[in-house]
Every structure is written in C-alpha cells, then in structure tokens.
Amino acid sequence: MRRYLKILGLVVLLPLIGTGIWLLLVFYEGEAPAILLSRGIEVVGQKTIFDITCTDEKSGIRNISVAISQDGKRSIIESVNLAARGTRQKIIPIDLRPSDLKLHDGEARVDISVTDFSFRKNTHSLTINVVIDTIPPRISPMNAYHYINPGGSCVVVYSLSEVVPRTGVQVGTDFYTSCPEPTTDGGKRYISYFAIPCDNAPAEKLKIQILAEDRAGNTSFFALPFHVRNKTFRNDRMNISQRFLEMKMPEFQNRYKNLQGLPLVDAFSYVNKEMRAQNKEIIETICKETRPEKLWEGPFLRMSNTATMATFGDRRTYYHEKAIISKSIHKGVDLASTRNAPVEASNTGIVIFTGYIGIYGNTVIIDHGMGLCSLYAHLSSINTDKGQPVTKGEIIGRTGMTGMAGGDHLHFGMIVGGEFVNPVEWWDPHWIRDNVTRKLVDE
C-alpha cells in the first residue's frame, strides 16, 4: 500500500514540478530582448526614416519606447504598449523629422528601450549619439553655360560646401556619377562627364541638373543652363538578303539556344532588337568599373588608313523581301580598311573587357577614367587582356566581321557613363579644348 502511495505521489508530483520549472523558465526568465536597426542613424537629416526590429523569443514583448534628447529636453518619438503576451517580434517604423520636434542642428541622443513580459521585466536599452544636420549641401557650378550636340558629350565642374557620398548630373532619368578632386580650401571640386542621347526627348523638354546628397540624406539640386544644337541624323534603308541571313544567323544560333530552330528572319529581328538592348545593359555594367581619375590625354585616335562606312546616330530601317523586319540606331562609327587590319587603342587607359558581346562580336573596352570608355567591336582577334594598361596607339586587336557585321571593319564607339556618344567629338582637338580641357582648368 505504501509503495502504491509513493508511486501515486510521484505521478502527481512530477508533473507539478515540471509545470513549475516551465513556469519559472517562461515567467522568470532572464534573457533581455534584442534590438536591431535597419540602417545607421549617426547623422540625422531633415527626414530620417528607419525601422526598429525588437525581438524576444521567450516571454514576448511588453513595451517599446523611442526618444530623442537635446539640451536636456526629451521628446518621445514612439511608444508602444502590448496588452497581452505572445508577440515575439515587433517592427516599429520611425519617421524622424527634427523640425517637428523643434530640434536644432548639432549633437543629440536617441534612446531605444524594449521590455519583455517576464516577471523580471527584462529590458534592453540602446543609446545612440547622433548629429542633426538639416542643411543641404551648397552647389557652386564653375562653368557658366553648356553647348551640347545631340548624341554628344558634356563636362561640368562644380564645388560643394561639404564632402558628400552621392553627387552627379541628372539628365532626364539618367544619372551620371561625378568624380571628386580635393581643393586647397578643404572643400570638394567635382567633375562629371555626361551624355545627351541621340534618341532622347526633344531638347526643350530635357532637364539637366546637378544633384548632391549628404550623409544625412539632405539633397540639393542645381539646374544647369544649356543649349542643345540642332542636328539631323542620316536615315538608312538596309536590305537584308537571304544570303546575309544564311551567313550571319548561324553564328548567333550556335551561341544562343533560344535562337535555335527559329526562321532566320525571326532570329535576325530578335538579335537586332532584344539582344541589342541586352548588350547595352551588359556594356553599361562593364563601364561601371571606371577609375575615378582621368587616364587619357589629348584627342583620341581615329583608326588610321580607314574609310567611314557608317556614322553615329544613323537611323536604320531593315527590309527583307520589301517588308520592314526591324529598326535600330547606330551607336558608333564603322571604319573599314584592309582585311584583318591592326586596331590601335584610341587613347591611354586600362582594358576592362575582352570577349564576345552579341551584336558586337569579339570586343575590347578600354576605361579612360571618370566614366569615359572606348569600344572596339567585330574584331577577328584580340591582342590584349582585361586589367592591362594600354597606351595611345598600342595594337589591341585586328578588324574582322564577328557579331552583326556583314564585312570586315571596326565598329568604334565612345561611351560616357554607360551611354554611347558621338566619337567624332573625341577625335577633334578643337572640340576637346573648348568643351573639356578649358572647363577642367577653370577655377
């Protein structure tokens, strides 16, 4: 009997002990909640937006408090109280605007506190010393006016009142990052190369402005005074013969599986439109490897002993058996010489790409610094490697007809910030002197 009572007591007691231990672990646990910010807030601007993620995997979150203090005055930014236990994670969006809290520029302190539902009321507090900066950077352009050709390049030089992490020139929806140059007064001088695409909106609707954003997120804009000259581009009718399709399309069908089995004319239309757009994105990505300093010197070389076969900005309409099958805009200059003629580097720089790019075939791209690059396409062979420094006039390959080329020639392109521009400008010493060099030396 006694043995039976002992067993019964253990049966009753053990669950009670287990329950007690569980209650002790849950309600009297000593682990503090965790706090995680979505971004750093060491500098607070006119409007600083971030998220605070509070986590407690044991008893859950009870309350959260966010406050900011300055000059002995404490202001509550956010306060959250949860009526019941069980919330393991709570994300608090914070929209901190110093002007709404009557805070001035200078030092301040942000205090974040979160408490859990444990009987111990475990609390995690986080204090962040911040600097309030609500004054946007001041932009001071150094060039009075800009005359630009459609499809052409432009350079702007300006100074800022402070060092900023992001600045450049906005041309419509395109952004061209500027490169900094230190100045003797401790400020910053910035140089930006930008382009006016030849297929852009009408000049009267184009908006060009300098943008500068400081560490606090304060942003300034300055509208650039400019004039886009009138220019008419050629319209070319391109007759695509069956012989051309039979000669060129297998090259693409062998390389790209999605073209295999397509009728040759459909393959051509895809290559000339979709693949052309894809190749442009690839080239834009490659050209982001640009060095922040100027690498080139003097006018760029035009391939020697060549005839111009196609010019920049040509509007091409492609016909096959009298039907329109595709359209494009030619974004370079085609230069023809003898078969497999040597191709020279147009200026000093660093090779940032060698390889095959769709419509361009075997291609070399050279970085000349500050977003300026040159492209050499349709090569039969490449005599340089990625990362190799090259000098003006150095042989980097030989002409050919790889890619979308019907005959042996060099497709030469100039690129500014990922956008193709007219190479003729960069061949012209007078244009470089008037539109680039003078701006770079003006103080």
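Since the model is a prediction, treat every value here as computed from it, not as a measurement.

Peer 1: So, helix α5 (residues 429–441): which residues are in play, and what are the values?
Peer 2: If you look at α5, its biggest bend is around 25 degrees, right at Asn 435. Buried within α5 are the following residues: Trp 431, Ile 432, Asn 435, Val 436, Lys 439 and Leu 440. In this structure, the buried side of α5 is in contact with β10 (146–148), β11 (153–160), β15 (188–195) and α4 (423–427). At the N-terminal end of α5, a side-chain oxygen is found 3.0 Å from the backbone nitrogen of His 430, two or three residues along, and the residue is Asp 428.

Peer 1: Provide a residue-level description of the nonpolar core, including the pertinent values.
Peer 2: Counting 86 residues, the largest nonpolar core has Tyr 193, Phe 194, Ile 208, Ile 365 and Trp 426 as the members making the most contacts within it. Aside from chain neighbours lying at most four places away, what touches Phe 194 is Ile 148, Gly 152, Ser 153, Cys 154, Val 156, Val 169, Val 171, Tyr 176, Ile 208, Leu 224 and Val 416. Formed by 26 residues, the second largest nonpolar core is a distinct cluster that contains Val 66, Leu 101, Ile 112 and Ile 128.

Peer 1: Residues and numbers for the sheet that holds strand β5 (residues 73–81), please.
Peer 2: Whenever strands of a sheet pair, they do so through backbone hydrogen bonds, lying parallel or antiparallel. With mixed pairing, the five strands of this open sheet are ordered in space as β2-β8-β7-β4-β5. Lying at the two open borders of the sheet, with one neighbouring strand each, are β2 (43–44) and β5. With ten bridges joining them, strand β7 (residues 106–116) and strand β8 (residues 123–132) adopt antiparallel strand pairing. From the neighbouring strand, Asp 111 faces β8, where its bridge partner is Thr 127.

About the criteria used
- Residues numbered from 1 in each chain as written.
- Predicted model: local features only at pLDDT ≥ 70, side-chain atom pairs only at ≥ 80, totals over all residues.
- Heavy atoms only, no water.
- Bend = angle between axes of the 7 residues up to and from the residue.
- Helix = DSSP H or I, 4+ residues; strand = E, 2+ residues; numbered from the N terminus.
- Buried < 20%, exposed > 50% of the residue type's maximum accessible area, 1.4 Å probe, protein only.
- Contact = heavy atoms within 4.5 Å.
- Polar contact = N/O pair within 3.5 Å; in protein donor to acceptor, adjacent residues only side chain to side chain.
- Core = buried A, V, L, I, M, F, W, Y, C linked by side-chain atoms within 4.5 Å.
- Pairing = 2+ DSSP bridges.

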